[in-house]
Amino acid sequence: MKGIITVFLKQDVLDPQGRAVMGSLKGLGFGEVQDVRIGKSIEVVLDGLSVDEADSRLRRMCESILVNPVIEDSQIEIVED
């Protein structure tokens, strides 16, 4: 199975990359764009775990190293092969 962790800045944290992309999109004629937030996706392949165990392990990975809880939030998705 695979865990997909999406990490993104908390809503109240300034996202300069997102602002730059938004400016570029507007400059290219996409005037409907009101906000852009940049994040990252991390895929972790897991073996021999139940879905509940995988979720628990992925959450511990996020708490240990993958997510800075001061400025970032995360979302976990588990995909079974």
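In what follows, the accompanying structure is described. (Residues numbered from 1 in each chain as written. Predicted model: local features only at pLDDT ≥ 70, side-chain atom pairs only at ≥ 80, totals over all residues. Heavy atoms only, no water.)

**Here we look at the sheet that holds strand β3 (residues 72-79)**
Here is step 1 of the chain: Here we have 3 strands laid out as an open sheet, ordered β2-β1-β3, and antiparallel in their pairing. Whereas interior strands pair on both sides, the edge strands pair on one side only; in this sheet they are β2 (39-45) and β3. Looking at each pair of strands side by side, their axes are set apart by 20° on average, direction ignored.
Here is step 2 of the chain: Where helix α2 (residues 51-66) meets the sheet, its contacts fall on β1 (2-9), β2 and β3, and the angle it forms with β3 comes to roughly 155°. (Pairing = 2+ DSSP bridges. Helix = DSSP H or I, 4+ residues; strand = E, 2+ residues; numbered from the N terminus. Axes fitted to C-alpha atoms, helices over the stretch in contact; angles between N-to-C directions. Contact = heavy atoms within 4.5 Å.)

**With respect to the pattern of salt bridges**
Here is step 1 of the chain: Going through the model one piece at a time under the given rule, you end up with 2 salt bridges.
Here is step 2 of the chain: A salt bridge links K2 to E43; the nearest nitrogen and oxygen atoms lie 3.5 Å apart. With a gap of 41 residues between them, K2 in strand β1 and E43 in strand β2 connect regions that are remote in the sequence. (Salt bridge = Lys/Arg side-chain N within 4 Å of Asp/Glu carboxyl O.)

**A closer look at the environment of V36**
Here is step 1 of the chain: If you trace the backbone, V36 turns up in the loop between α1 (16-27) and β2.
Here is step 2 of the chain: Exposure remark for V36: the relative accessible area of 15% places this residue in the buried category.
Here is step 3 of the chain: Along the backbone, V36 and G18 are 18 residues apart, and their C-alpha atoms lie at a distance of 4.8 Å.
Here is step 4 of the chain: In this structure V36 touches D15, G18, R19, V21, M22 and L25, once residues within four positions along its chain are discounted. (Buried < 20%, exposed > 50% of the residue type's maximum accessible area, 1.4 Å probe, protein only.)

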